[in-house]
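Here is what each chain is made of, one letter per residue.
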Amino acid sequence: MKLEGRTALVTGATRGIGKAIAHALAREGAAVAVHYHAGEAAAQETVKAIREGGGSAFSVQADVSRHDEVERMFRECEKQMGGVEILVNNARRLVKGRAFLEMNWEEDYEPQIQVMLKGAFHCCQAALPGMRERGRGRIVNVLSTVLGEKRARTNSYGAVKSALLYFSQNLAVEAGPYGVTVNMVSPGLTETERPILHSDDYQREYIDAIPMKRLGRSEDVGGAVVFFCSDEAAYVTGVNMAVSGGKVIF
């Protein structure tokens, strides 16, 4: 197994892509901390499923926008599995897409900044000291193909993910001398257990524009994350991988 003996923390891992990433890392032998903010029952279900599949997992709660809670979460990870060697920042806060002139900062931008950007900032700051001390670490930040599509009504979401792109690339340069890689995965429209919030006509048009002629699956994203966390990617850092069936190519 590619990640046997490694330890991982996946934020926002109770459902969808985050849950699939947690399962993918566990199947490759990593002990996985399944983070949640409010969905304790869903986190416990993910942990149970990983354990029933022969993996190692536990749940951990935190509001990633709060520095003190992130510090507490990492102390719990240290206690449970001996520190975080792999960090996947997947936690996100979605708001309904609106035209720019209908938006306001407090409702449309601020919630996403708090979770997706500030949350990643806090988690990376908490993870890096231990990674630097060990001389090895993997950070993977989940972005979006919105960065390469510029769709209408995605102003706030795309802007925050764009900020996370620069944050990640800059951190890759700073962390590289210590054996820590920082990479990104950008899923396209992906099937999960949650309903896709687009019309059937939109989905058909979207699939028609995909060279591989299907929507993504959460397992596709999990596989990309596993690659970045494996020894095979030890010399790969600062890379943003589109998981979109060829619809977006960075």
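Our subject is the structure that appears above.
Notes on the structure in this doc start here. Computed from a predicted model, the values in this text were never measured in an experiment.

What counts as what
- Residues numbered from 1 in each chain as written.
- Predicted model: local features only at pLDDT ≥ 70, side-chain atom pairs only at ≥ 80, totals over all residues.
- Heavy atoms only, no water.
- Helix = DSSP H or I, 4+ residues; strand = E, 2+ residues; numbered from the N terminus.
- Expected span 1.5 Å × (residues − 1).
- Buried < 20%, exposed > 50% of the residue type's maximum accessible area, 1.4 Å probe, protein only.
- Contact = heavy atoms within 4.5 Å.
- Phe/Tyr/Trp six-rings, centres within 6.5 Å; stacked < 30°, edge-to-face > 60°.
- Lys NZ or Arg CZ within 6 Å of the ring centre and 35° of its normal.

A word on helix 6 (residues 155–175)
In this model, helix 6 (21 residues) spans 30 Å end to end at C-alpha, consistent with the 30 Å of a helix rising 1.5 Å per residue. Burial in helix 6 covers these residues: Ser156, Tyr157, Gly158, Val160, Lys161, Leu164, Ser168, Leu171, Ala172 and Ala175. Against the buried residues of helix 6 lie helix 4 (105–134), strand 5 (137–142), helix 5 (146–149) and strand 6 (180–187).

Details of the packing of aromatic side chains
Both the distance between ring centres and the angle between the ring planes are used here to describe each pair of aromatic rings. Applying the stated criterion across every chain, the model contains two aromatic pairs. Both rings, one in Trp105 and one in Tyr109, keep their centres 4.7 Å apart while their planes meet at 5°; by these two values the pair is stacked. Taken together, the positions of Trp105 and Tyr109, both in helix 4 and four residues apart, correspond to about one turn of that helix. Over the face of the ring belonging to Tyr178 we find Arg132, whose NZ or CZ atom lies 3.8 Å from the ring centre.

Quick look at helix 8 (residues 218–229)
Working note: α-helix, 3.6 residues per turn, so residues spaced by three or four point in the same direction. Compared with an ideal rise of 1.5 Å per residue, which puts twelve residues at 16 Å, helix 8 spans 17 Å between its outermost C-alpha atoms and is within 8% of the ideal. Three or more residues of helix 8 are buried, namely Ser218, Val221, Gly222, Ala224, Val225, Val226, Phe228 and Cys229.

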